[in-house]
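Structural overview
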Amino acid sequence: MIPFCKNIFAGAPTFSTGTDMYKWITNTINNSDVVDNNRLVCASTPYKSDRNDATHQAVDLGLYPTKFKPINEGDGEYNRRVNWSRIDLSIECKVDPTDQDPFDETADDLLPTAAHRKKALGQILTYVENVFMHQHRTLHYMILFLGHYARIVRFDHSGVYSTTKFNYKTDGAILTTFLCRYSARDAAQRGNDPTATRLELRDPLVAQMRKLGQEKRKADPEDHVQQMFNASLDNAWPWYKLEVHPPRIARTFVVGKPHFDAGGVVGRGTHGYVAVEVNAGGQLVGPFVYLKDAWRVDHTGIEQEGCVLEELNRHKVPFVPTLVCHGDLKGQVTESQDAWARRQVKNRRLKRTFKKHQHYRLVVAQVGKPLEQFTTGLELVSAIYCCLSAHQAAYEKAGIIHRDISSGNILLHQAPNGTWLALLNDWELSKRVNSPVARPPDRTGTWQFMSVRALNNPDKEIVTEDEIEALFHVLLFHAVRFLPNNIKPVSVPRFLTDYFDGCTVREDSDDYGCGSAKETAMRLGEIYLSAYNNTQTSLKFLHPEDPDKAHPIGRLISRLLISFKAAYATEPDNMEEGDTRTEFNTSNIFAALSAIPNIPPSQNPTAPAPASPPKPTETRSRGKSRALPKTSSRRRGLKTASATRSTLSTSSSSRDSGLVPISLKEHGPVVELFLQCLHRGKWPAEDKGEDLREKVKAKDTSREAPNDTGKGESKSGKRTRANAQPGPSSSKKRRVQV
């Protein structure tokens, strides 16, 4: 252990500007023997942001590996550009010791309430978010200089904790000793992930990756997988060799720029990559795969996602990813939760909890593409059907429920005949039904797509009805964005915000509940548009070739809506479905579906559509929705399908009978409804339009969500964000976690 060092900061002058602080602190650190300049060096980068950083943030100072120190890019002292992929320790300077302090020691949880202090907290969280985004880190340290005071702050994916504020002129030995000990540690002890090796430009693997990308592009220019891989070979972004640690032998994969990044500091911090395996000889082998790097919640009752996929694959559940390998990274566990627990022991009033996270990697065989890249309404509906089938099989065969149905967790995947189907992805928050293992409160998932009941009841157990409702919300989200409908285009972004991002403050607590737009739709069985169209009308989907006629998806959505509130019958939809001049050929979709070996015969999509009986019959639930299904699901499925065919057929009978609700307590009736919809509709071939959410958002950026990340100007002229965490306007990032 290095003994306490002398205080190199004792002679600090009174700083009138931030520039004075940058210069004095940089020179003081570099001109001392506290930091080994052969390993690390301090550089000031207060004004120039990283070229890869969309937030345009620039931390004041930082310790960098000496050979990667930022260089001047022009005349003057402060023309160095911050490099988030190389910075080792961040240093931020504030002239005011109190107003710009991001922590408040008078508060039980140390969180600030004053606007300037909140802004400072958001700013430093953004810095660390950028570090976690560009590097593979287990933790990150930051030093805050606040006038003549300082804090040493530690960040990991569980939380943040800081030293008390101390005067570095009088007690600077604390800071000097920290810098000395920090610089003496190896890279892993400073927070760099030892299982991730950065590939420099001259590494042989870099050349192999480029060559592979070129070969795959030449072989199949339209293949989306090679397109994603080649897009990841961004020279401005760090490439890595990543280890995956299955129980037996470690495996290694190379990756470029992440295809997906969850953002944020606290939480799972998921990154997704198109990857290629590297053999023991250093050669790329095998096909492209998808590698997921995440900090999973380590809690009793929460399984590794790979274990869940292994179980689903063993039961031959269709439309789920195929596991390649997975494993925890030994010793890479967050520590902030332990520091917080010690603080809670001292202060019993603290109710906030920190979760323990374990670093984890998973590799699956399929590389999908986002659901929003569907090409027709038929493709969208068939994708939701695939997910319903996957969820039903997982529930009935393996006793597993997903619990995080969302747009981002559904991927389009190409069948052998070239038709696009879908995979139900991301089973990391799944749960075994009726598991006796204790686990945290059940409210989990992605806010925009959670059921009304789940949003209004945080401790509610997620059941089949909630999952079916979540799939409906995913369907509606994409249909409103891309398919022709009667919402005024300029009002679509506001509708999407109100319906999917909306929330209300619950009167009985400080918690949030479901927004009124979604809840009204579920309770009344209809989506009214008076707030968006200035007319008393409900949501309709229009035929792209004849707006006076209905799109085939409209009846499916209407039938599902009234099923969420069976006691309320909507007015019949009297719009006649339009005749299609450019009708989409459905034979490829049914051929692809029928080729899937694990779909029960009762759900054979090639079977003829059921005939309509003379009178409607309402289905009833076959037991409690929370019960674990019996293993003889095939026989029960046949019986359920037989019963529901008579029910579903009523929707295609005369319009005088109206739309009849179906049971949502089991998968069977809903799966049958989707199959019937796929069979009966004359689906137009060119019905997908431009994304109305993105089109109007680009024109009008003034209408931001209340807690969206604003970009203001600080006194130093740097761009800041008041809240570095993802706002609710992001459909993938707004998650409510166990």
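Along each chain, residue indices are assigned from 1 in the same order as the chain's sequence is written. Under the rules for a predicted model, residues below a pLDDT of 70 receive no local features and side-chain atom pairs below 80 are neither given nor counted, while totals for whole chains, interfaces and linings still include all residues. Note that water and hydrogens are dropped before the side-chain values are worked out from all heavy atoms of the structure.

The protein chain has the name Protein kinase domain-containing protein in an unreviewed UniProt entry, where Lentinus tigrinus ALCF2SS1-6 is given as its organism.

In this text, helices come from DSSP runs of H or I with a minimum length of four residues, and strands from runs of E with a minimum of two, each type numbered from the N-terminal end. Along its length, the protein chain carries 19 helices and 28 strands. Accessible area is worked out with a 1.4 Å probe on protein chains only. A residue is then buried under 20% of its type maximum, exposed over 50%, and partly exposed in between. Expressed as a percentage of the 738 residues in the protein chain, the buried residues total 56%. Of the contacts formed within the protein chain by residues at least 6 apart in sequence, a portion of 72% connects residues at least 24 apart. Residues are treated as being in contact if the distance between any of their heavy atoms lies within 4.5 Å.

Here we come to helix α11 (residues 464-482). Any helix carries an expected span of 1.5 Å times its number of residues minus one. Spanning 19 residues, α11 covers 27 Å between terminal C-alpha atoms, matching the ideal 27 Å at 1.5 Å per step. A large share of α11 lies buried, amounting to 19 of its 19 residues.

Remark: a regular strand shows side chains that alternate across the two faces of the sheet. Counted residue by residue, strand β13 (residues 284-297) has eleven buried out of 14 residues, so it is predominantly covered. Any two strands between which DSSP finds at least two bridges are classified as paired. Bridge analysis of strand β12 (residues 271-278) against β13 gives seven bridges, and the strand direction is antiparallel. The residue of β13 that forms the bridge with Gly-272 is Lys-292. In sequence, β12 turns back onto β13 through a hairpin of five residues, with Gly-282 there showing a positive phi of about 80 degrees.

All right, on to empty space enclosed by the protein then. The definitions used throughout rest on a 1 Å grid laid over the protein atoms alone, on which a cavity is an enclosed set of points accommodating a 1.4 Å probe that cannot get out and a pocket is an open set flanked by protein within 12 Å on both sides along at least five of seven lines; lining residues are those having an atom within 4 Å of a point. Grid points are joined across faces, edges and corners, and a volume is the space filled by probe spheres set on the points. Overall, the coordinates contain 15 cavities of 30 Å³ or more when judged by the stated rule. Counted as a void, the second largest cavity has a volume near 110 Å³. Contributing to the lining of the second largest cavity are Arg-268, Lys-292, Ala-294, Arg-296, Val-297, Ile-302, Glu-303, Glu-305, Tyr-360, Glu-428 and Leu-429. The greatest single-element share of the lining of the second largest cavity, amounting to four residues, is contributed by β13. Counted by class, the lining of the second largest cavity contains five nonpolar, no polar and six charged residues. Each residue is assigned to one class: nonpolar for Ala, Val, Leu, Ile, Met, Phe, Trp, Tyr, Cys and Pro, charged for Asp, Glu, Lys and Arg, and polar for all the others, Gly among them.

Turning next to helix α9 (residues 377-398). The α-helix advances 3.6 residues per turn, and as a result positions three or four apart in sequence lie on the same side. Between its terminal C-alpha atoms α9 stretches 31 Å, which fits the 32 Å expected from 22 residues at 1.5 Å a residue. With its phi angle positive at about 65 degrees, Gly-399 sits one or two positions after the end of α9.

The phi dihedral of Phe-319 falls on the positive side, at around 60 degrees, and the residue is not glycine. Here Phe-319 is to be found in the loop between α7 (305-314) and β14 (323-333). If you check the backbone angles, Arg-403 has positive phi at about 75 degrees while not being a glycine.

A pairing counts as a salt bridge when a side-chain nitrogen of Lys or Arg comes within 4 Å of a carboxyl oxygen of Asp or Glu. Tallied over the full model, the rule gives 27 salt bridges. Salt-bridge contacts for Arg-190 lead to Asp-88; the nearest nitrogen and oxygen are separated by 3.0 Å. Taken together, the residues span a long stretch of sequence, with Arg-190 in the loop between α4 (173-184) and β8 (196-199) and Asp-88 in the loop between β2 (61-65) and β3 (89-94) at a distance of 102 residues. For Asp-88, a relative accessible area of 3% corresponds to the buried category. One salt-bridge network, held together by shared partners, links Asp-101, Glu-105, Arg-117, Arg-151 and Lys-165.

Secondary-structure assignment places Ser-16 in the segment before α1 (18-30). Residue Ser-16 is classed as exposed on the basis of its relative accessible area, which comes to 58%. Measuring from C-alpha to C-alpha, the distance between Ser-16 and Asp-96 comes to 9.5 Å, with 80 residues separating the pair along the chain. Counting of polar contacts relies on pairs of N or O atoms within 3.5 Å, with two restrictions inside protein: one atom must be capable of donating a hydrogen and the other of accepting it, and residues adjacent in sequence are counted only when both atoms are side-chain atoms. In terms of polar contacts, Ser-16 uses its side chain to reach the side chain of Asp-20, at 3.1 Å.

Topologically, Ile-400 is positioned in strand β17 (residues 400-401). Assessed through its relative accessible area of 1%, Ile-400 is described here as buried. Taking the C-alpha atoms as reference, Ile-400 lies 9.4 Å from Asn-434; in sequence the two are 34 residues apart. Residues in contact with Ile-400, not counting those within four places in the same chain, are Val-308, Glu-311, Leu-312, Ala-394, Tyr-395, Trp-427, Ser-430, Lys-431, Arg-432 and Val-433.

Only Phe, Tyr and Trp rings take part, Trp by its six-membered ring, and two of them pair if their centres are within 6.5 Å. Stacked means planes under 30 degrees apart, edge-to-face means over 60, and tilted covers everything else. Enumeration according to the criterion identifies 20 aromatic pairs in this entry. A ring pair is formed by Phe-449 and Phe-477, whose centres lie 5.4 Å apart and whose planes are at 85 degrees; its orientation type is edge-to-face. In this pair, Phe-449 is assigned in the loop between β21 (445-446) and α10 (452-456) and Phe-477 in helix α11, connecting sequence segments 28 residues apart. Here Phe-449 matches Phe-477 in class, with each residue buried. An aromatic cluster of three or more residues is present, and its members are Phe-449, Phe-477, Phe-495, Tyr-499, Phe-500 and Tyr-532.

So, about the sheet that holds strand β18 (residues 410-414). The strand order across the open sheet built from three strands is β16-β18-β19, with neighbouring strands paired in antiparallel fashion. Looking at which strands have only one partner, the edges of the open sheet turn out to be β16 (369-370) and β19 (420-424). Pairing of β16 with β18 involves two bridges; the strand directions are antiparallel. Within β18, the residue paired with Lys-369 across the bridge is Leu-412. In the packing of α9 onto the sheet, the strands contacted are β18 and β19, and the crossing angle to β19 comes to about 35 degrees. Only C-alpha atoms enter the line fits that serve as axes; for helices the fit covers just the stretch in contact. Angles between N-to-C directions range over 0 to 180 degrees.

Residues enter a nonpolar core if they are buried and are Ala, Val, Leu, Ile, Met, Phe, Trp, Tyr or Cys, with the set joined through side-chain atoms within 4.5 Å. In this structure, Leu-312, Leu-475, Leu-476, Ile-553 and Phe-674 are the most contacted members of the largest nonpolar core, which totals 111 residues. Sorting elements by how many residues they give to this core places α9 first, with 14 residues. Among the domains, domain 2 (194-344 + 352-367) and domain 3 (373-569 + 661-694) are the pair contributing at least three residues each to this core. For Leu-475, the contacting residues outside a window of four places in its chain are Leu-380, Val-381, Ile-384, Ile-553, Leu-556, Ile-557, Leu-560 and Phe-674. Counting 32 residues, the second largest nonpolar core, distinct from the first, contains Ile-8, Ala-12, Val-35 and Tyr-168. Note that the domain bounds were set by an automatic or database domain assignment.

Turning our attention to the packing of helix α15 (residues 552-564) against helix α18 (residues 667-680). Direction vectors running N to C along α15 and α18 enclose 160 degrees, while the axes themselves pass 10 Å from each other. Comparing the axis directions of α15 and α18 gives the class roughly antiparallel. For the element pair α15 and α18, the recorded crossing hand is right-handed. The residues of α18 that touch α15, namely those facing Pro-552, Arg-555, Leu-556, Arg-559 and Leu-560, are Val-670, Leu-673, Phe-674, Cys-677 and Arg-680. Looking at side-chain class alone, the contact of α15 with α18 contains seven nonpolar, no polar and three charged residues. Orientation labels follow simple angle bins: below 35 degrees gives roughly parallel, above 145 gives roughly antiparallel, 65 to 115 gives roughly perpendicular, and whatever is left gives oblique. For any helix crossing, the convention is left-handed if the near helix is rotated counterclockwise from the far helix by under a right angle, and right-handed if that rotation is clockwise.

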